[in-house]
Amino acid sequence: MKANCWYGTNKLSVEEVPDPKILNSRDAIVKISSTAICGSDLHLYNGYMPTMEKGDILGHEFMGEVVEVGKDVKNLKAGDRVVVPFPISCGNCFFCKKEMFSLCENSNPNAPLAEKMFGHSPCGIFGYTHMLGGYAGGQAEYARVPFADVGPIKIENGLTDDQVLFLSDILPTGYMAAEQCNIQQGDTVAVWGCGPVGQFTLLSAKLLGAERVIAIDRFPERLKMAQEEHDAVIINYEETDVYEALQELTGGRGPDATIDAVGLEGHAAGPMGMVDRVKTATMMENGRPHALRQAIMCCRKGGTVSIPGVYGGLLDKIPIGAVVNKALTIKTGQTHVHRYMRPLLKRIENGEIDPTFVITHHMPLSEAPKGYDIFNRKQDECIKVVLKPGS
Ligand code: NAD
Ligand code: ZN
Ligand code: ZN
């Protein structure tokens, strides 16, 4: 089959690799009809995540048709159309039973590597480093899906791929990012980053009752989408002082919740930006947490800072003093996607949510390297790329 393989920083190649096979009785093989490029994939593409190996197949947002199932997968059969969640979860362990699926104890065969880094290991994730399991990803014609009796959900209602694909990751991610802010009537929620995750976070904050959402970024097309789709107040951080603007918008108090939907490749001008760039280049720091610092500094006292943005290791100059002295709550995590897929599918079915608005580009799988390049550089007003293996 053809697959999009990682060969080093900014080096990808779509090439022939062996077809995946059923290895365990709870596996399924899925023939992929649509697969997307995630902001998290950019962290691999740009070389921020350790334990990638040459030839690794990327991709963790995918859907398609089941072509084969292991003998213990009773809920799926060949021909079923499914969306696959990016966390690989057993469904039976301490964490899965508590619906904390991204913390599954049974899906990362390389847990000791992750334990060195984090103390304890999260779940395995498709196409996302050897530290997180070394699983082949879904930017390919086929994928092996472990624990297929737990993760994939069937799509039986004729919705298009574009309408349901993002149930695999970014729609639940935006939803969980907003849900963990415990939004109350009248709340103002500020979101850093207007990429696909930021867009679904803004949408979800509105859905969960925020009175006002504020969107922060620097790309005009992303800010425009935030304004048009979610009626967000927009702040271009290159033109406006974000802290001052948020203070002014909230009567000097700060937003009730602040959400970092940027992650470890945050961008900043000025001296602090320079310090982080030097430190990441020399491996003295594993990311540039500009958005996180601002989200903490800008949040109102007693508020919640929610972090869907991905961070991989150690960061500098996080204002923990502000967290303590303002009595902030920090909420974060790889998304417990399984928990949200069915309720969000219902909201898509009844027309409450139409996730297709984030898609700016469809491309054949063979053009994945070009897709990564334009998404990475935010060229051609690219917001979300969907790859089609069949074309
Ligand atoms: P993206 O690259 O499209 O979006 C990031 C946005 O942040 C860009 O629009 C960029 O201009 C903006 N930005 C950069 N620096 C900023 C700053 N200082 N202030 C405000 N905005 C800034 O990526 P995405 O697909 O939207 O993903 C965003 C993050 O979410 C990534 O870190 C990704 O890894 C993470 N993510 C996490 C999960 C999870 O399970 N927690 C799931 C999916 C994605
Ligand atoms: Zn993702
Ligand atoms: Zn589990």
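Structure first, text after, so check above.
In this text the structure is predicted, and so the values were computed from the model without any measurement.

Caption draft 1: Molecular detail of the coordination of the zinc ion (ligand 3). Surrounding the zinc ion (ligand 3) are the protein donor atoms Cys90 (SG), Cys93 (SG), Cys96 (SG) and Cys104 (SG), at 2.3 to 2.5 Å. Around the zinc ion (ligand 3) sit 4 donor atoms, and with donor-metal-donor angles ranging over 103 to 116° the site reads as tetrahedral. Mapping the donors of the zinc ion (ligand 3) onto the primary sequence yields the spacing C-x2-C-x2-C-x7-C. Accessibility assignment for this pair places cysteine 90 and cysteine 96 in one class, buried.

Caption draft 2: A look at empty space enclosed by the protein. Within this structure, the stated rule accounts for 2 cavities of 30 Å³ or more. Taken as a whole, the largest cavity holds about 40 Å³ of empty space. Lining the largest cavity we find Val84, Pro85, Pro87, Ile88, Ser89, Phe126, Val145, Pro146, Phe147, Gly151, Pro152 and His338. Counted by class, the lining of the largest cavity contains 9 nonpolar, 3 polar and no charged residues. Counted as a void, the second largest cavity has a volume near 30 Å³. Considering the residues around the second largest cavity, the lining is formed by Thr173, Met176, Ala177, Gln180, Ile307, Pro308, Thr332, Gly333 and Thr335. If you tally residues by element for the lining of the second largest cavity, the top one is helix H5 (residues 170-179), at 3 residues. Partitioned by chemical class, the residues of the lining of the second largest cavity number 4 nonpolar, 5 polar and no charged.

Caption draft 3: Seen up close, the site of ligand 1. Around ligand 1 sit 31 residues in total, of which Ser40, His43, Asp217, Arg222 and Lys378 are the nearest. Between ligand 1 and lysine 378 there is a distance of 2.7 Å, counted from an oxygen atom to a side-chain nitrogen or oxygen. Mapped onto the shell around ligand 1, the elements with two or more residues apiece are helix H1 (39-45), helix H6 (196-207) and strand E12 (212-217). Looking at which element gives the most residues to the shell around ligand 1, the answer is H1, with 4 residues. Class assignment for the residues of the shell around ligand 1 results in 14 nonpolar, 13 polar and 4 charged.

Caption draft 4: Local environment of the sheet that holds strand E1 (residues 2-8). Within the open sheet, the 3 strands sit side by side as E2-E1-E4. Their pairing is antiparallel. Where the open sheet ends on each side, the last strands, each with one partner, are strand E2 (11-16) and strand E4 (56-57). Each of E1 and E2 touches helix H13 (residues 368-377); the most contacted strand, E2, lies at about 160° to it.

Caption draft 5: Broad picture of the nonpolar core. The biggest cluster of nonpolar side chains holds 95 residues, and the ones touching the most others in it are Val83, Val164, Phe166, Leu167, Leu171, Val189 and Phe200. For valine 164, the residues in contact, after removing those within four places along its chain, are Met63, Val83, Ile155, Leu159 and Leu345. Counting residues in each nonpolar core, the second largest holds 19 residues, with Val242, Leu292, Val305 and Val323 among its members.

Caption draft 6: Focus on the sheet that holds strand E14 (residues 257-260). Spatially, E13-E12-E11-E14-E15-E16 is the arrangement adopted by the 6 strands of the open sheet, whose pairing is parallel. Each having just a single partner strand, strand E13 (233-236) and strand E16 (329-332) make up the two edges of the open sheet. Each adjacent strand pair in this sheet contributes to an overall mean axis angle of 20°, direction not counted. Pairing of strand E11 (residues 188-192) with E14 involves 4 bridges; the strand directions are parallel. Within E14, the position partnered with valine 189 by the bridge is alanine 257. Across the sheet, helix H7 (residues 220-230) touches E12 and E13, and the angle it forms with E12 is around 170°.

Caption draft 7: Layout of the side chain of aspartate 161. Within the fold, aspartate 161 resides in helix H4 (residues 161-164). Looking at aspartate 161, its side chain comes within polar contact range of the side chain of arginine 81, at 2.9 Å. In this view, aspartate 161 contacts Ser33, Ser34, Met63, Arg81 and Lys388; residues no more than four positions away in its chain are not counted.

Caption draft 8: Highlighting the packing of aromatic side chains. In this structure the tally under the stated criterion is 7 aromatic pairs. Geometrically, the ring pair formed by phenylalanine 166 and phenylalanine 200 is tilted, given 6.1 Å between the ring centres and 50° between the ring planes. Placement of the pair is phenylalanine 166 in the loop between H4 and H5 and phenylalanine 200 in helix H6, with a sequence separation of 34 residues. Judged by relative accessible area, which is 0%, phenylalanine 200 ranks as buried. Both rings, one in phenylalanine 200 and one in phenylalanine 357, keep their centres 5.6 Å apart while their planes meet at 80°; by these two values the pair is edge-to-face. Taken together, the residues span a long stretch of sequence, with phenylalanine 200 in helix H6 and phenylalanine 357 in the loop between helix H12 (337-349) and strand E17 (361-364) at a distance of 157 residues. With respect to burial, phenylalanine 200 and phenylalanine 357 carry one shared label: buried. The aromatic ring of phenylalanine 94 is capped on one face by lysine 98, whose charged end is 4.7 Å from the ring centroid. Directly above the aromatic system of phenylalanine 375 lies the positively charged group of lysine 378, at a separation of 4.3 Å from the ring centroid.

The rules behind these values
- Residues numbered from 1 in each chain as written.
- Chains lettered and ligands numbered in written order.
- Predicted model: local features only at pLDDT ≥ 70, side-chain atom pairs only at ≥ 80, totals over all residues.
- Heavy atoms only, no water.
- Donors = N, O, S within 2.8 Å, 3.2 Å for Na, K, Ca; no water.
- Tetrahedral: all angles 85-135°; square planar, octahedral: opposite > 155°, others 65-115°.
- Buried < 20%, exposed > 50% of the residue type's maximum accessible area, 1.4 Å probe, protein only.
- 1 Å grid on protein atoms, 1.4 Å probe; cavity = no way out; pocket = protein on both sides within 12 Å on 5 of 7 lines; lining within 4 Å.
- Points joined across faces, edges and corners; volume = space filled by probe spheres on them.
- Nonpolar A, V, L, I, M, F, W, Y, C, P; charged D, E, K, R; others polar.
- Helix = DSSP H or I, 4+ residues; strand = E, 2+ residues; numbered from the N terminus.
- Near = heavy atom within 4 Å.
- Polar contact = N/O pair within 3.5 Å; in protein donor to acceptor, adjacent residues only side chain to side chain.
- Pairing = 2+ DSSP bridges.
- Contact = heavy atoms within 4.5 Å.
- Axes fitted to C-alpha atoms, helices over the stretch in contact; angles between N-to-C directions.
- Core = buried A, V, L, I, M, F, W, Y, C linked by side-chain atoms within 4.5 Å.
- Phe/Tyr/Trp six-rings, centres within 6.5 Å; stacked < 30°, edge-to-face > 60°.
- Lys NZ or Arg CZ within 6 Å of the ring centre and 35° of its normal.

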